[in-house]
Amino acid sequence: MTLTPVTLASKSSARQMILKNAGVAFEAVGSGVDEDAAKAALLAEDVTPRDVADALAEMKAVKVSTKRSGLVIGADQTLDLRGKLIDKVDTLDEARARLLELRGQVHKLHSAVVVARDGQPIWRIVETAKLSVRPFSEAWLDQYIERRGEALLWSVGCYELESEGVQLFDEVDGDYFAILGLPLVGLLDFLRLHGALVA
Ligand SMILES: Nc1nc2c(ncn2[C@H]2C[C@H](O)[C@@H](COP(=O)(O)OP(=O)(O)OP(=O)(O)O)O2)c(=O)[nH]1
């Protein structure tokens, strides 16, 4: 049986791991979307963090789908702290400041996925998780950053829920896969419907 080809328009190692571990055959390519410019334009129009994630996921999927056949998955995740979009950081010092900013607060992660085909979006989902960060000690924070290092810079919240990052939280409300960056179960259902997975 010939399956519909699947492309993941993402450089995210977390997203690639999730899809691979789920048994989906796919190729990963960078989307080439200038996310910073797109984000700035959206925020200038007061687009909400949730809708920024949705719009960016669509841009990535649609752009790559004009060059590749089959189904193209685009994804994006935004961190929303009291309605303000919080961006990724570039250095471990900034990661430390970010985690201190999240300490004792509840923040939301908006995880969007869009599937596109031949330049058109044909399916989308946005899942929002709420995460409550406990009042961790600076001693804990320093050893966490020491142990995890640069890996933290890949994640929008400077944490990895699937490893020690889970120690940051006193409450996590939302889908595990969505928090890692790829709402999965609904996506798998769609892939089956479109012949990309054996039903
Ligand atoms: N391993 C791990 N990664 C996480 C977690 N939470 C968020 N992330 C990652 C997933 C994404 O790679 C990143 C969200 O940033 P973006 O949506 O901008 O994606 P990114 O630029 O990494 O890749 P992409 O735009 O898809 O090429 O944060 C987590 O708990 N564990």
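Residues numbered from 1 in each chain as written. Predicted model: local features only at pLDDT ≥ 70, side-chain atom pairs only at ≥ 80, totals over all residues. Heavy atoms only, no water.

Brief notes about the packing of helix H2 (residues 35-44) against helix H3 (residues 49-65)
Consideration 1: Between H2 and H3, whose axes approach to 10 Å, the crossing angle comes to 140°. Relative to H3, the element H2 lies oblique. For the pair H2 and H3, the crossing hand works out as right-handed. Seen from H2, the contacting residues are Glu35, Ala38, Lys39, Leu42 and Leu43; seen from H3, they are Val52, Ala55, Leu56, Met59 and Lys60.
Consideration 2: A breakdown of the residues in the contact of H2 with H3 according to their chemical character gives seven nonpolar, no polar and three charged. (Axes fitted to C-alpha atoms, helices over the stretch in contact; angles between N-to-C directions. Helix = DSSP H or I, 4+ residues; strand = E, 2+ residues; numbered from the N terminus. Parallel < 35°, antiparallel > 145°, perpendicular 65-115°, else oblique. Left-handed = near helix turned anticlockwise from the far one by under 90°. Contact = heavy atoms within 4.5 Å. Nonpolar A, V, L, I, M, F, W, Y, C, P; charged D, E, K, R; others polar.)

Describing the UniProt feature "active site" (unreviewed entry) in the protein
Consideration 1: Those residues carrying the UniProt feature "active site" (unreviewed entry) are Asp76 in this numbering.
Consideration 2: By the secondary structure assignment, Asp76 is in strand E3 (residues 71-81).
Consideration 3: With a relative accessible area of 4%, Asp76 lands in the buried category.
Consideration 4: Every residue in contact with Asp76, bar those within four places of it in the chain, is listed here: Arg15, Glu35, Val52, Ala53, Leu56, Ala57, Lys60, His110, Ser111 and Ala112.
Consideration 5: Reaching out from Asp76, the side chain makes a polar contact with the side chain of Lys60 at a distance of 2.8 Å. (UniProt positions renumbered as here; feature names shortened; annotations may be inferred. Buried < 20%, exposed > 50% of the residue type's maximum accessible area, 1.4 Å probe, protein only. Polar contact = N/O pair within 3.5 Å; in protein donor to acceptor, adjacent residues only side chain to side chain.)

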